[in-house]
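Residues per chain are reported as follows:
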Amino acid sequence: MSNDVLVLAERVGKQITDSTYELLGKARELADAWGGRAEVALFGPSEGAEQLGGADAVICIDHPALSDYVPEAYETALLHVLTQRAPRLLLLSNATVGLDLGAALSVRWDAPLAAYAVDLAVDGDALVATTQILGGKILAEVELGGSRAIATVVGGSLPPMTPAGSAEVVTLAPPAELDSSRMSVLQVFEPSGGDVDITAADMLVSIGRGIGSQDNLELAEELAQALGAPVSASRPIIDAGWMPKTRQVGKSGLKVKPKAYLAFGISGAPEHLEGMRSAELIIACNTDAKAPIFDVAHYGTTVDLFDLMPALAEKVKG
Ligand SMILES: Cc1cc2nc3c(=O)[nH]c(=O)nc-3n(C[C@H](O)[C@H](O)[C@H](O)COP(=O)(O)OP(=O)(O)OC[C@H]3O[C@@H](n4cnc5c(N)ncnc54)[C@H](O)[C@@H]3O)c2cc1C
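The structure presented is a predicted model; accordingly, all values stated were derived computationally and were not measured.

(A) Region of interest: the overall build of the protein chain. Each helix and strand counted, the protein chain has 8 helices and 16 strands in total. Taking 20 Å as the expected radius of gyration for a compact globule of 318 residues, we find that the protein chain reaches 22 Å, a close match to that expectation. Taken along the three principal axes of its C-alpha coordinates, the protein chain extends 65 × 45 × 35 Å. Burial status across the protein chain gives 48% buried among its 318 residues. Total accessible area on the protein chain is roughly 15,100 Å²; 51% of this is exposed by carbon and sulfur atoms. Charged side chains in the protein chain number 23 positive and 41 negative. The centres of these two groups are separated by 1 Å.

(B) Summary view of the domain arrangement of the protein chain. Along its sequence, the protein chain is carved into domain 1 (5–180) and domain 2 (198–317). Here the C-alpha centre of domain 2 lies 33 Å away from the C-alpha centre of domain 1. At the junction of the two partners, domain 1 supplies 10 residues and domain 2 supplies 7 residues. Both faces combined, the contact of domain 1 with domain 2 buries some 610 Å², and carbon together with sulfur accounts for 44% of it.

(C) Layout of the site of the ligand. The environment of the ligand is formed by 25 residues, the closest being Ser234, Gln248, Ser252, Ser267 and Asn286. A distance of 2.7 Å separates a nitrogen atom of the ligand from a polar atom in the side chain of Ser252. With respect to the ligand, the side chain of Asn286 contributes an N or O atom lying 2.7 Å from an oxygen atom. Protein contacts shield 73% of the accessible area of the ligand, which totals 980 Å² for the unbound molecule. Put simply, the parts of the chain that give the shell around the ligand at least two residues each are α5 (235–239), α6 (270–276) and α8 (305–317).

(D) Structural detail: the packing of aromatic side chains. Under the criterion given, the structure shown has 2 aromatic pairs. Taken together, a centroid distance of 5.3 Å and an interplanar angle of 75° make the contact between Phe43 and Tyr74 edge-to-face. On the criterion of sequence distance, the pair formed by Phe43 in strand β4 (residues 38–43) and Tyr74 in helix α2 (residues 71–85) is long-range, its members being 31 residues apart. Ring centres of Tyr69 and Tyr74 lie 5.1 Å apart, and the angle between their planes is 80°; this geometry places the pair in the edge-to-face category. Residue Tyr74 is classed as buried on the basis of its relative accessible area, which comes to 10%. Of the aromatic side chains, those joined through ring pairs into one cluster are Phe43, Tyr69 and Tyr74. Across the ring face of Trp34, the terminal group of Arg88 is positioned such that the distance to the ring centre comes to 3.9 Å.

(E) Layout of the packing of α2 against helix α3 (residues 96–108). α3 packs onto α2 with a crossing angle of 50° between their chain directions and a minimal axis gap of 10 Å. With respect to their mutual orientation, α2 and α3 come out oblique. Crossing of α2 over α3 shows right-handed handedness. Only Asp100, Leu101, Ala104, Leu105 and Arg108 of α3 make contact with α2, whose side of the interface consists of Pro71, Tyr74, Glu75, Leu78, Leu79 and Leu82. Of the residues contributing to the contact of α2 with α3, the split by class is 8 nonpolar, no polar and 3 charged.

What counts, and where the lines are drawn
Residues numbered from 1 in each chain as written. Predicted model: local features only at pLDDT ≥ 70, side-chain atom pairs only at ≥ 80, totals over all residues. Heavy atoms only, no water. Helix = DSSP H or I, 4+ residues; strand = E, 2+ residues; numbered from the N terminus. Rg over C-alpha atoms; globule rule 2.2 N^0.38 Å. Buried < 20%, exposed > 50% of the residue type's maximum accessible area, 1.4 Å probe, protein only. Areas by Shrake-Rupley, 256 points an atom, 1.4 Å probe, with all protein chains shown as cover. Lys, Arg positive; Asp, Glu negative; His and termini not counted. Charge placed at Lys NZ, Arg CZ, Asp CG, Glu CD. Domains from an automatic or database assignment. Contact = heavy atoms within 4.5 Å. Buried area = accessible area lost by both parts, 1.4 Å probe. Near = heavy atom within 4 Å. Polar contact = N/O pair within 3.5 Å; in protein donor to acceptor, adjacent residues only side chain to side chain. Phe/Tyr/Trp six-rings, centres within 6.5 Å; stacked < 30°, edge-to-face > 60°. Lys NZ or Arg CZ within 6 Å of the ring centre and 35° of its normal. Axes fitted to C-alpha atoms, helices over the stretch in contact; angles between N-to-C directions. Parallel < 35°, antiparallel > 145°, perpendicular 65-115°, else oblique. Left-handed = near helix turned anticlockwise from the far one by under 90°. Nonpolar A, V, L, I, M, F, W, Y, C, P; charged D, E, K, R; others polar.

This is the structure in structure tokens:
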């Protein structure tokens, strides 16, 4: 049995994604514990391989069918890498790509799959994955026995690895099946109305249902303006049509990692926490002292947001 761990790299444009570095950090840790290698599969043009120092090898396959993400072609290419490199564990992101490929390869590579994993640890001979069930309300520990396994890991759950040095680049010839791929991308539509990129903000003033009504949004906007931060929100605010989808934080919105996340009137449902729990500093304002947001907040207050927001805005404005 091999003791290697393979990660599928994902890119946005030419940039390797944060979640790839999170997977690579865990791959490094597990491969070191098993005495194996941490390898990364990179599909399409090999640019980006130099950003993956810290891996023992970057396995590249380039083919026109792999220039954009297409499930059929990526599944074929990844199965080819799995067959050639025979790792003990395949790590994928628990997002569009990983959820597609994890399920398909669990069948085709004949390996158990732990989806929605938030951590993985070696326990004697076994590998134990901590996974979310019921939308994160319950965590389950799943033992992955046997000689091979797959885990899809929720973004933001693991510390990312800082790449250092350079990895060996191994180029594999593309499998012949890619020549007869039946799917190709015709056009990529960027989301419209992206007024502010909340994922790039250092600070967010985030509001939830506690804000009460659309008219009260101006309280948040005033504070946000004083702090030089955009306003983001929990899902009910978006569902009510009070703010655009581009401002939604959470499972079905965006994952944010600001230096400071100020949560006003947000209860802290698992689906919301999934999008913001990696913020460096979380400050919560919620009149309910038992609200779950306080489990992740570094600082918190049960002061009424309608008192706190205007007072804070005044204070910041001096
Ligand atoms: C598949 C799925 C995906 C989802 N995706 C997302 C997602 O991406 N993002 C997301 O946010 N949710 C998501 N949800 C919804 C999620 O489960 C919660 O319903 C939602 O996060 C609750 O939003 P909230 O905290 O604003 O509202 P509530 O849970 O209603 O909380 C409002 C809070 O405001 C407090 N409050 C009230 N008045 C005041 C006041 N005057 N001052 C201070 N505090 C006050 C209350 O004590 C309460 O804790 C998803 C759900 C599902 C099933």
